[in-house]
Amino acid sequence: MIEAKSVSKSYGAGRFAKPVIAECSFVAPRHKCTVIVGPSGAGKSTMIRLIAGFEKPSRGEILTDGKAVTGPGRDRLVMFQESALFPWMTTEQNIVYGPLARHERKADTVSRAKFLLEKTGLMAAKRRYPAQLSGGMQRRAELARSLINDPEIMILDEPFRGLDAMTKKLMLEYYVKLSEETPRTNLFVTTDIDEAILLADRLIVMSAAPMRVRAVIDVDLPRPRELHTLLRDDAANALKLEALSLLHEEAMKAFAGGSRAAGDFIEAYRKRLAAV
Amino acid sequence: MSILAPSRGALRIDNAVKYYGEGSARTLAVDHCTLDIRPGEICMIVGPSGCGKTTLLNAVAGFHGLDDGSIHLDNKMLCGPGQPQAAVGPDRIVVFQNGALFPWMTNLDNIAFGPVAQKRLRRAEARDKAAQLMRDAGLAGHEFAYPGEISSGLRRRVEIVRALMNDPTVLLLDEPYRALDALTKSVMHEALLETYYRTGITIFFITHDLEEAIFLGHRVVIMTARPCKPKKIIEVDIPHPRDYTILTSKRFRELLAEADAGVHDEALKSFALGEREG
Amino acid sequence: MSEIMLLRRDVIAHALPFETLSETLLAQFAAGAEEIRLPAGGVVYDAGSISDDIYFVQSGAIRLEPDVQTAAGLPVQIVRPREAFGWTALASHAARRNRAVAVTPATLLRLSGQNFVTMLGSDQREGQAMRERIAGALADIRGQAVYQPAPARRAEGLGLAMARAALWLRSPAPYLMLLGYALLLGFWYVAVQVLKLPRFNEMPGLTDVFQEWFSRNPVYGVSLFTPVYYQHILVSLRRIFIAFTLATVLGVPTGLFMGWSKTFREYVFPVFELLRPIPPLAWVPLAIIMLPGSELPIIYLTFLASFFATALNAMLGVKSIDPVYVQAANCLGASQARVFLSVIVPGALPYIFTGLQISVGVAWFSLVAAEMVSGQFGLGYLINTSYTTVQYTTMVIAMITLGIVGYASSALVRLVGNWLLGWHKRQFALEGGA
Amino acid sequence: MPSESIVVTKIHPATSVRRQRLTFARPRLRALISFVALLALWQAGSTSAAWSGHGWPIISLVPAPSVVLTAWAALLTNPGYWQSWGLSFTRVALGFFAAVLVGVPFGLLLIINRTWRSIAFPVFELLRPIPPLAWVPASIIFWPTQELSIDFVIFLGAFYTIVLNTLGGGDEIDQRLIQAARSMGGSRWNIFRRLILPSVLPSIGTGMQVGIGITWEVVVAAEMISGGGSGGDSASGGGLGFFLWSSYIGGSYPDIIVGMISIVIAGYLSSAAMRFLVARATPWARGH
């Protein structure tokens with residue numbers, strides 16, 4: 001269970017302070033799939049970095065299962081938008097990196113890795129380097145690398161955005177089946193409303209930058225869900241319209257601002273800070 | 001049909017054929033493709049990735065020639081027997097997938113580039129007209145920014161204004177909103193429709209996103225997997241002007257299901273062919 | 001303030017020209033405004049109607065269509081969320097010149113002209129500022145100031161640089177840097193003059209060198225105050241300047257053409273790649289034989305290294321340009337010559353300047369060695385002769401001077417590069433140097 | 001070519017690694033034409049005094065290719081010629097590996113330790129503008145033997161390049177990878193060994209390829225200045241640079257060109273060896 005208590009985050013000092021998240025509070029219930037949806041550059045990725053513990057909020061705090069987040073930990077693993085597989089390690093070496101780094105029992109790790117390789121259909125690509133895998137295979141390898149550590153919370157930041165339409169559809173249905181099998185708290189970030197409605201038990205609609213919660217919609221569509229059945233399901237479409245009208249308004253607002261999306265500014269600013 | 005029913009922009013492609021590669025690796029990319037696009041129509045070309053849609057667009061633009069068949073614009077032959085490759089010209093302007101605004105010119109100079117290059121307008125006149133067009137498109141205030149300084153959504157709109165500055169007969173769009181996230185895309189769609197309502201220009205739009213095709217198009221042409229050939233044409237009878245609320249209307253969902261059925265087995269075929277996006 | 005008021009305040013606060021209103025006035029406006037909802041196609045007001053209400057768009061989009069009689073020249077305008085319209089009538093008390101229609105379902109905040117004027121009156125200073133701003137915006141619309149360059153942008157750049165400098169000073173970096181310099185000079189002083197370590201004692205000491213360098217009448221006749229010192233520097237600089245300019249004038253076009261024209265590349269590049277790996281200083285004997293006098297060989301050697309670096313980078317610059325830009329330029333009707341001037345040259349510029357920076361460094365590298373082997377004047381010559389005549393302090397002075405002059409010349413090239421490459425630098429900075 | 005050339009050749013390895021797949025014959029034909037034209041021009045120019053009565057400017061002073069070839073044939077059997085090759089190669093090897101042994105750790109420390117970077121990097125940047133060859137006289141004074149003084153200058157030539165490239169590699173490390181590793185419980189040492197080192201390795205490879213190229217340029221000049229030099233004592237001398245200079249002093253001009261070509265070949269051999277070594281050390285890079 002993740003709880004954000006009036007979290008604010010801004011980058012830069014003095015005149016150049018750029019508020020990215022403004023008093024944002026929400027709860028992601030335990031063993032449920034919570035989806036955060038909002039315009040690009042609104043600060044969703046920043047919120048993920050705060051929950052994962054890579055950065056600290058300027059104000060407010062984030063609790064996971066009651067205890068405050070102080071730094072990265074194996075209970076909260078993140079899957080980024082672009083692949084974060086280690087290019088110089090083979091698929092198998094990538095997957096077993098976590099347990100080996102924590103010096104866990106080798107036999108146990110090897111068997112779990114074998115199970116996950118079969119489950120993700122990557123057994124044939126075991127010895128290949130990430131650069132030699134297709135987009136879909138890279139995503140599945142990264143999922144396996146996280147799941148072997150059995151995290152309480154799985155965080156995914158628009159993981160399927162770069163994939164072509166067909167692979168994206170396959171990966172989405174694969175992920176839904178996976179999350180329905182083993183109960184785990186999932187936090188999924190996207191700008192695609194169809195993805196959100198397919199996955200979400202709870203849908204949190206975020207405003208344009210500076211990000212704050214615009215609406216929380218509990219999605220109680222029956223499980224297991226499939227993309228083409230949702231297309232014809234009127235309840236799903238009603239939900240989609242409700243979320244879409246909020247999102248459209250926020251997107252126009254983010255767009256009316258016109259200048260560089262806040263996201264790009266933050267990224268550039270963080271890199272310059274690192275360089276100083 | 002379009003509100004303004006202009007007289008120009010009829011693009012007629014009849015059994016265009018195009019091969020790729022040399023010798024043994026010579027593969028057929030476009031296979032006897034015949035397509036009639038009416039003046040002032042938004043025609044959406046949909047098909048699985050790598051099926052040859054862009055090859056067709058490049059032939060219309062004149063970036064490469066055809067091995068057979070011909071293309072006519074308002075009954076003037078662009079390319080055909082005797083003249084395999086069309087001449088590149090400002091009557092058919094391409095907006096590229098990852099954008100092609102000159103990063104070293106300000107947005108204003110980018111837009112003013114066309115008429116100045118064709119020696120139709122002097123630099124000062126072109127800049128004034130460009131500023132005017134930017135204001136119409138709601139881009140006032142970004143005249144002196146460089147393309148690298150504005151968001152990707154805004155860059156797309158500046159590029160379309162740069163195309164419209166040359167008063168083209170046809171606008172050739174090659175998956176212009178592919179790199180954008182879903183929400184920015186919906187805002188882009190409304191901006192494009194707004195521009196269309198003002199200019200009534202014929203639009204030849206390539207995409208693999210069905211929702212985008214049905215939301216924007218008067219007609220959606222579904223292409224086969226490689227080599228591409230029109231397989232099915234869907235008339236989108238949702239009236240213009242359209243906005244995001246139609247996305248959940250019953251008619252829209254029916255059309256989407258119909259298009260999805262058309263594309264599905266083609267997508268599987270091309271997926272089997274090992275075609276996958278970059 | 002309730003959620004709705006907060007939302008309204010947010011809408012009004014961002015609408016031009018109401019951007020910098022005080023909090024009190026914003027609150028009054030938000031309270032005074034009335035919310036109206038319009039379906040797609042709904043008419044806000046017709047052209048020619050008399051009313052001076054001000055409208056703020058909260059959501060959806062409004063189209064202002066100019067009435068043919070009274071405002072034929074005005075453009076069709078689309079008003080978006082967080083923008084205002086209708087306030088021009090307030091200032092000019094004339095009839096509406098546009099017909100305002102909702103393109104999409106829209107929610108607007110209407111503020112009657114009368115309320116607006118009374119509220120402005122309540123705060124004298126703020127009211128006056130507001131009136132001036134509306135007048136200014138009006139002038140803008142009538143085309144007096146159609147568009148003006150953005151002076152604010154430069155000030156913003158300066159502000160950003162100062163903020164970064166302040167940040168830098170607060171971090172430990174500058175003090176550690178000074179510590180590093182102190183360690184270097186300290187080690188030099190201690191090793192040579194205090195402990196007189198075995199191999200170090202023959203080297204000139206820190207204090208000896210600086211004493212000689214700054215003394216009015218130096219022991220070996222070379223210091224900041226002796227003209228011969230500047231003569232050496234000037235001779236070296238002249239040689240660098242000639243060789244560097246020649247290398248640029250010949251190297252950049254060669255590189256650009258090698259990148260741009262396939263036939264030129266297929267003929268010239270193979271020979272270019274044959275000659276390029278020859279270390280510049282392997283040419284020394286041949287240069288002395290081939291070229292008369294001592295000045296020409298030195299300039300030839302310095303030119304050689306710079307030319308290859310410049311030409312290669314100019315070619316790589318052309319290759320780095322995305323062919324899409326060439327296709328786009330062709331589409332826009334540009335002739336081959338215009339494509340070369342407006343796409344190839346600016347596109348290759350970042351690489352060209354990388355090449356020029358290397359070319360300056362490489363020029364000094366070759367110049368020093370060439371001057372050491374032959375030549376009457378120059379810093380390289382000074383280093384060698386002061387070594388052979390056992391005037392070691394002058395040798396070190398010459399080495400330090402060489403470092404300073406070398407650094408200054410490449411800094412100059414970098415400066416010109418940054419100035420010329422405004423677009424690349426800013427994009428570079430904004431994208432965090434990616 | 002001093003250390004700044006890292007930038008040009010940082011791009012260069014891409015072009016040299018990517019084999020030029022010459023599909024048609026035309027480019028090769030044209031290359032042949034330009035080589036033949038160059039040789040013909042050179043031959044005609046050098047012998048112009050003989051057949052055209054008056055020597056062309058500059059080129060007529062240069063020995064003709066035919067003369068050079070015969071000189072080279074004679075040299076092949078001369079042990080002194082091969083001894084110069086041996087001496088230059090050992091000097092390059094010594095200086096270069098010293099630069100790698102010192103430069104790589106120096107660069108890696110700059111990446112992982114912020115205080116070390118704030119102290120050492122400004123000093124490194126302070127000394128870098130002084131061209132390596134300006135150190136030759138000072139190096140002769142400092143080092144006991146002539147041999148060591150040349151090796152030191154070679155060391156300096158390669159050192160700057162290797163450090164800069166290693167540091168450059170550090171900036172390209174993808175922070176998300178490190179964050180992912182930390183989340184999975186990777187310790188600081190584990191992250192350095194299995195993340196930072198492998199991701200910087202390609203840049204170190206580039207630095208070594210460029211560095212070895214520079215060492216050849218430095219060794220030629222250093223041998224010339226210290227060995228031959230204007231009036232310097234030529235006790236040990238030896239090496240291709242000195243061979244060049246002594247051929248000039250001794251008046252056997254064709255040997256100069258033989259020396260120049262030999263240096264190009266030696267330089268190419270060492271760069272090719274370095275490229276091979278780097279390609280083997282980073283097998284994943286080939287996957288791109």
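Here the structure is shown first, and the text comes after it.
Conventions used here
Residues numbered from 1 in each chain as written. Chains lettered and ligands numbered in written order. Predicted model: local features only at pLDDT ≥ 70, side-chain atom pairs only at ≥ 80, totals over all residues. Heavy atoms only, no water. Pairing = 2+ DSSP bridges. Helix = DSSP H or I, 4+ residues; strand = E, 2+ residues; numbered from the N terminus. Axes fitted to C-alpha atoms, helices over the stretch in contact; angles between N-to-C directions. Contact = heavy atoms within 4.5 Å. Buried area = accessible area lost by both parts, 1.4 Å probe. Salt bridge = Lys/Arg side-chain N within 4 Å of Asp/Glu carboxyl O. Nonpolar A, V, L, I, M, F, W, Y, C, P; charged D, E, K, R; others polar. Disulfide = S-S within 2.5 Å. Buried < 20%, exposed > 50% of the residue type's maximum accessible area, 1.4 Å probe, protein only. Expected span 1.5 Å × (residues − 1). Phe/Tyr/Trp six-rings, centres within 6.5 Å; stacked < 30°, edge-to-face > 60°. 1 Å grid on protein atoms, 1.4 Å probe; cavity = no way out; pocket = protein on both sides within 12 Å on 5 of 7 lines; lining within 4 Å. Points joined across faces, edges and corners; volume = space filled by probe spheres on them. Patch = residues over 30% accessible without salt bridge, like charges linked within 9 Å, V, L, I, M, F, W, Y side chains within 5 Å. Areas by Shrake-Rupley, 256 points an atom, 1.4 Å probe, with all protein chains shown as cover. Core = buried A, V, L, I, M, F, W, Y, C linked by side-chain atoms within 4.5 Å.

> How would you explain the sheet that holds strand β3 (residues 33-37) of chain A if you had to name every residue and give the values?
Residues and elements named next belong to chain A. Taking strand neighbours across the sheet as the criterion, the 6 strands line up as β6-β7-β8-β3-β9-β10 in an open arrangement whose pairing is mixed. Bordering the open sheet on either side are β6 (76-79) and β10 (213-218), each of which pairs with just one other strand. For this sheet, the mean angle separating the axes of adjacent strands, direction not counted, is 15°. Pairing between β6 and strand β7 (residues 153-157): 4 bridges, direction parallel. In the strand pairing of β7, M79 is matched with L156.

> So what's going on with the interface of chain C and chain D? Residues and values would help.
Think of interface size as the accessible area that goes away when the parts come together; that is how it is often given. Chain C puts 58 residues into the contact, and the matching count from chain D is 57 residues. Roughly 5,500 Å² of surface becomes buried between chain C and chain D when both sides are summed, with 82% attributable to carbon and sulfur atoms. When the shortest N-O distance is used, the salt bridge between C:E266 and D:R26 registers 3.7 Å. Sorting the residues of the side of chain C that touches chain D by element identifies α7 (173-194), α10 (262-275), α11 (284-290), α12 (295-320), α14 (336-373), α15 (379-388) and α16 (392-420) of chain C as the ones contributing at least two each. Top contributing element to the side of chain C that touches chain D by residue count: α14(C), with 11 residues. When grouped by side-chain class, the residues that make up the side of chain C that touches chain D number 45 nonpolar, 7 polar and 6 charged.

> Explain the state of the cysteines residue by residue, including any values.
Scanning the model with the defined rule gives 0 disulfides over all chains in all. No disulfide involves B:C43; its nearest neighbouring cysteine sulfur is the one of B:C33, lying 9.8 Å away.

> Outline the pairing of strand β3 (residues 42-46) of chain B, supporting the account with residue identities and numerical values.
Across a regular strand the side chains alternate sides, sitting on one face of the sheet and then on the other. Residue and element names in this part refer to chain B. The element β3 is largely enclosed, with a buried count of 5 among its 5 residues. As defined by bridge partners, β3 adjoins strand β8 (residues 202-207) across 5 bridges and the pair is classed as parallel. Along β8, the bridge assignment pairs I42 with I203. Here 4 bridges tie β3 to strand β9 (residues 219-223), and the two strands are oriented parallel to one another. If you follow I45 over to β9, its bridge partner there is V221.

> Any details on helix α6 (residues 165-181) of chain A? Residues and values, ideally.
For α6(A), built from 17 residues, the straight-helix expectation of 24 Å at 1.5 Å per residue is met to within 8% by its first-to-last C-alpha distance of 25 Å. Those residues of α6(A) not exposed but buried are A:M166, A:T167, A:K168, A:M171, A:L172, A:Y174, A:Y175, A:V176, A:L178 and A:S179.

> Please provide a residue-by-residue account of the packing of aromatic side chains, values included.
Residue and element names in this part refer to chain A. The final tally for this structure, using the stated rule, is 54 aromatic pairs over all chains. With a centroid separation of 5.1 Å and 70° between ring planes, the pair formed by F86 and Y97 is classed as edge-to-face. Taken together, the residues F86 in the loop between β6 and α2 (91-95) and Y97 in helix α3 (residues 97-101) connect sequence positions 11 residues apart. Note on Y97: relative accessible area 0%, which makes it buried. With a centroid separation of 5.9 Å and 45° between ring planes, the pair formed by Y175 and F188 is classed as tilted. In this pair, Y175 is assigned in helix α6 and F188 in strand β8 (residues 185-190), connecting sequence segments 13 residues apart. Across the pair, exposure class does not vary: Y175 and F188 are buried alike.

> So what's going on with empty space enclosed by the protein? Residues and values would help.
All names here are of chain B. Across all of its chains, the model carries 5 cavities of 30 Å³ or more by this definition. Each pocket or cavity is described by its volume, and for the second largest cavity that value is around 80 Å³. Contributing to the lining of the second largest cavity are A137, R157, I160, V161, Y177, M188, A191, L192 and T195. Among the secondary structure elements, those contributing two or more residues to the lining of the second largest cavity are α4 (152-164) and α5 (182-199). For the lining of the second largest cavity, the residue count by class is 7 nonpolar, 1 polar and 1 charged.

> Describe a nonpolar patch on the surface, listing the residues and the values that go with them.
Nonpolar side chains collect at one region of the surface, where C:Y189, C:V190, C:V194 and C:L195 lie side by side and expose about 340 Å² of accessible area between them. Note that C:V190 resides in helix α7.

> So what about the pattern of salt bridges? Which residues, and what values?
Oppositely charged side chains may form a pair once their charged atoms are brought near each other. Across all of its chains, the model carries 54 salt bridges over all chains by this definition. Measuring nitrogen to oxygen at the nearest pair gives 2.5 Å for the salt bridge that ties D:E147 to D:R91. Of the two residues, D:E147 is situated in helix α8 (residues 146-171) and D:R91 in helix α5 (residues 79-112); the sequence distance between them amounts to 56 residues. Taking relative accessible area as the criterion, D:R91 reaches 1% and is therefore assigned buried. Put simply, B:R38, B:E41, B:R219 and B:E235 are held in one network by salt bridges that share partners.

> Mind laying out the side chain of C:S410, listing which residues take part and the relevant values?
As for its position among the elements, C:S410 is in helix α16. Beyond its immediate stretch of four places on either side in the chain, C:S410 contacts C:Q357 and C:V360.

> For the nonpolar core, give the residues involved together with the corresponding values.
In this structure, A:M47, B:F204 and D:L133 are the most contacted members of the largest nonpolar core, which totals 322 residues. Ranked by residue count, the leading element in this core is α14(C), at 19 residues. Leave out the neighbours within four places in its chain, and A:M47 touches A:V7, A:I21, A:C24, A:F26, A:I62 and A:M211.

That's the geometry; what it means functionally is another story.
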